[in-house]
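Structural description and commentary
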Amino acid sequence: MTPDDTPQPACPICGKPASPSMKPFCSKRCADVDLQRWLSGRYAIPGRDEDALGQDDGTHEE
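Residues numbered from 1 in each chain as written. Predicted model: local features only at pLDDT ≥ 70, side-chain atom pairs only at ≥ 80, totals over all residues. Heavy atoms only, no water.

**Digging into the nonpolar core**
Test applied: To form a nonpolar core, buried Ala, Val, Leu, Ile, Met, Phe, Trp, Tyr and Cys residues must be joined to one another through side-chain atoms within 4.5 Å. Only protein chains enter the area calculation, which uses a 1.4 Å probe; residues under 20% of their type maximum are buried, those over 50% are exposed, and those in between are partly exposed. The contact definition used throughout considers only heavy atoms, calling two residues in contact when any of these lie within 4.5 Å.
Listed in full, the five residues of the largest apolar core are Cys11, Phe25, Cys26, Cys30 and Ala31. Residue contacts for Cys26: discarding those within four places in its chain leaves Cys11, Cys14, Lys16, Pro17, Ala18 and Ser19.

Here you go:
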């Protein structure tokens, strides 16, 4: 098996094979789409509510 025979991972935006120069994306367009999604808040990492942390009344919950 040669390096050219290894399957390329799919672009997370459109599913086409990833370009070696744009990994993990297939093109600059897909990279820009992903960046716009991060900047607009479409992608978010869930966190705990502030109330659950006890910060609203000046106490800490540990």
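**Description of the state of the cysteines**
Where we set the bar: Cysteine sulfur pairs qualify as disulfides if the two atoms are within 2.5 Å.
Across all of its chains, the model carries zero disulfides by this definition. The cysteine Cys11 is free of any disulfide, with Cys30 supplying the nearest cysteine sulfur at 3.8 Å. The exposure class assigned to Cys11 is buried, which follows from its relative accessible area of 4%. Cys30 takes part in no disulfide bond, and the closest cysteine sulfur to it belongs to Cys26, at a distance of 3.7 Å.

**Quick look at the packing of aromatic side chains**
Two descriptors summarise a pair of aromatic rings, namely the distance from one centre to the other and the angle between the planes of the rings. As a reminder, the rule being used: Any pair of Phe, Tyr and Trp rings, taking the six-membered ring for Trp, is counted once the centres come within 6.5 Å. Such a pair is stacked with planes under 30 degrees apart, edge-to-face with planes over 60 apart, and tilted for the rest.
Applying the stated criterion across every chain, the model contains one aromatic pair. With a centroid separation of 5.0 Å and 65 degrees between ring planes, the pair formed by Trp38 and Tyr43 is classed as edge-to-face.

**Details of helix H1 (residues 28-39)**
Rules: Helix numbers and strand numbers start at the N terminus; a helix is a DSSP run of H or I with at least 4 residues, a strand a run of E with at least 2. How far a helix is expected to stretch is found by multiplying one less than its residue total by 1.5 Å. This arc describes the spread of directions from the helix axis toward the C-beta atoms.
The terminal C-alpha atoms of H1, which comprises twelve residues, lie 16 Å apart, in line with the 16 Å expected from a rise of 1.5 Å per residue. All buried positions along H1 are accounted for by Cys30, Ala31, Asp34 and Arg37. The arc that holds the buried residues of H1, viewed along the axis, is 120 degrees, so those residues lie on one side. Those residues of H1 that are exposed and aimed more than 90 degrees away from the buried face are Lys28, Arg29 and Leu39. Of the residues one or two after H1, Gly41 is the one with positive phi, at around 90 degrees.

**Some details on unusual backbone geometry**
Here the bond from Lys23 into Pro24 is cis, since omega is 5 degrees, no more than 30 degrees from zero. For Pro24, the location among the structural elements is in the segment before H1.

**Describing the side chain of Ser19**
Here Ser19 is to be found in the segment before H1. When sequence neighbours within four positions are dropped, the list of residues in contact with Ser19 reads Phe25 and Cys26.

**Details of the pattern of salt bridges**
Here is the rule we go by: Any Lys or Arg side-chain nitrogen located within 4 Å of an Asp or Glu carboxyl oxygen qualifies as a salt bridge.
By the definition in use, this model includes one salt bridge. In this structure, Asp32 engages Lys28 in a salt bridge whose closest nitrogen and oxygen atoms are separated by 3.1 Å. Of this pair, Asp32 and Lys28 are both found in helix H1, four residues apart, which corresponds to roughly one turn of the helix. Given the relative accessible area of 37%, Asp32 is considered partly exposed. The class for Lys28 is exposed, based on a relative accessible area of 54%.

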